[in-house]
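# Chain and residue survey
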Amino acid sequence: MSDPIRHECGIAAVRLLKPLGYYEHKYGNALWGLDRLHALMIKQRNRGQDGMGVGCCKLNMPPGLPYMFRVRSSKNDSLEEVFGEVMDDFKDVSRKANKERKQIALERNKEYVKFEHDPDAIKEHFEFGGEVLMGHLRYGTSGGFGKASCHPTCAGATGPRAASWSWGTST
């Protein structure tokens, strides 16, 4: 082995090749991809990381709707913080949606389907209900320290390209 063993950044990516409904039907969880990303990030975690970030890209979203999302943290327990924030958001969205769905089902005398079991609603209303998920554990070897140094970075643009992610050097 020519290179010494050091702490390096860890990255993980999950690309779902089927719609979220497939994973809901097969595994009972439309967020199967997010769960796999979390497991991959836990396996790469080591003490000493400076921070982490996760991103999600939803494919084939209707024009005008947001399709790229990210959460980053530079705290000591950044992995727990980021995935905790994502899952807290899911619980909040679920709670609000289920309240509305129950009321509508009662009014229209229709079957009540929980938000958690509706992959199309998850994709539309939950930021991390997408098909492309990425995670980054940062071990600072150069550059600054802090949330701004954690990937994915998101660069806004005008014109046909609304936004893009970067895994390269942050400026």
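Residues numbered from 1 in each chain as written. Predicted model: local features only at pLDDT ≥ 70, side-chain atom pairs only at ≥ 80, totals over all residues. Heavy atoms only, no water.

## Quick word on the overall build of the protein chain
Within the protein chain one finds 4 helices and 6 strands. In sequence order, the protein chain lays out its α and β elements as β-α-α-β-β-α-α-β-β-β. Considering the protein chain as a whole, with its 171 residues, one finds that 37% of them fall into the buried category. Partitioning the contacts of the protein chain with sequence separation of at least 6, the portion at a separation of at least 24 is 66%. Surface accessibility of the protein chain: about 10,700 Å² in total, with carbon and sulfur atoms responsible for 52%. (Helix = DSSP H or I, 4+ residues; strand = E, 2+ residues; numbered from the N terminus. Buried < 20%, exposed > 50% of the residue type's maximum accessible area, 1.4 Å probe, protein only. Contact = heavy atoms within 4.5 Å. Areas by Shrake-Rupley, 256 points an atom, 1.4 Å probe, with all protein chains shown as cover.)

## Focus on empty space enclosed by the protein
Regions of empty space are outlined by a rolling probe, equal in size to a water molecule, passed over the atoms. Within the structure shown, the criterion is met by 1 cavity of 30 Å³ or more. As a volume, the largest cavity reaches approximately 30 Å³. Taken together, Leu16, Leu20, Ala30, Leu31, Gly33, Leu34, Phe128, Gly130 and Leu133 make up the lining of the largest cavity. In terms of residue class, the lining of the largest cavity is built from 7 nonpolar, 2 polar and no charged. (1 Å grid on protein atoms, 1.4 Å probe; cavity = no way out; pocket = protein on both sides within 12 Å on 5 of 7 lines; lining within 4 Å. Points joined across faces, edges and corners; volume = space filled by probe spheres on them. Nonpolar A, V, L, I, M, F, W, Y, C, P; charged D, E, K, R; others polar.)

## A word on the environment of Pro62
Its place among the elements puts Pro62 in the loop between β2 (51–57) and β3 (68–73). Judged by relative accessible area, Pro62 falls into the partly exposed class, the value being 44%. Each C-alpha atom, one on Pro62 and one on Glu124, is 9.7 Å from the other, the two residues being 62 residues apart in sequence.

## What about the pairing of strand β4 (residues 132–138)?
Across the 7 residues of β4, 7 count as buried, placing the element largely inside the fold. Where burial is concerned, the two faces of β4 agree: the one with Val132, Met134, His136 and Arg138 and the one with Leu133, Gly135 and Leu137 are both buried. Note that strand β1 (residues 10–15) and β4 share 6 bridges and pair antiparallel. In the strand pairing of β4, Ala12 is matched with Gly135. The pairing of β2 with β4 spans 7 bridges and is classified as antiparallel. Considered in β4, the bridge of Gly55 is made with Met134. (Pairing = 2+ DSSP bridges.)

## Considerations on helix α1 (residues 20–27)
All of the buried residues in α1 are Leu20, Tyr23 and Glu24. For α1, the buried positions fall inside an angular range of 105° around the axis, keeping them on one side. On its buried face, α1 sits against α2 (32–44) and α4 (119–125). A positive phi of about 75° marks Gly28, the residue just after α1. (Arc of directions from axis to C-beta.)

## Some remarks on the pattern of salt bridges
Within the structure shown, the criterion is met by 3 salt bridges. Between Arg95 and Asp92 there is a salt bridge whose closest N-O contact spans 2.6 Å. Placement of the pair is Arg95 and Asp92 together in helix α3 (residues 78–108), with a separation of 3 residues, close to one helical turn. Given a relative accessible area of 36%, Asp92 falls into the partly exposed group. Close ionic contact of Arg101 with Asp118 constitutes a salt bridge, the shortest N to O distance being 2.5 Å. Taken as a pair, Arg101 in helix α3 and Asp118 in the loop between α3 and α4 lie far apart in primary sequence, 17 residues in all. Residue Arg101 is classed as partly exposed on the basis of its relative accessible area of 21%. (Salt bridge = Lys/Arg side-chain N within 4 Å of Asp/Glu carboxyl O.)

## What about unusual backbone geometry?
Its identity is not glycine, yet Asn60 carries a phi of approximately 60°, on the positive side. For Asn60, the location among the structural elements is in the loop between β2 and β3. You will see that Asn109, though not glycine, has its phi angle at about 55°, which is positive. Here Asn109 is to be found in the loop between α3 and α4.

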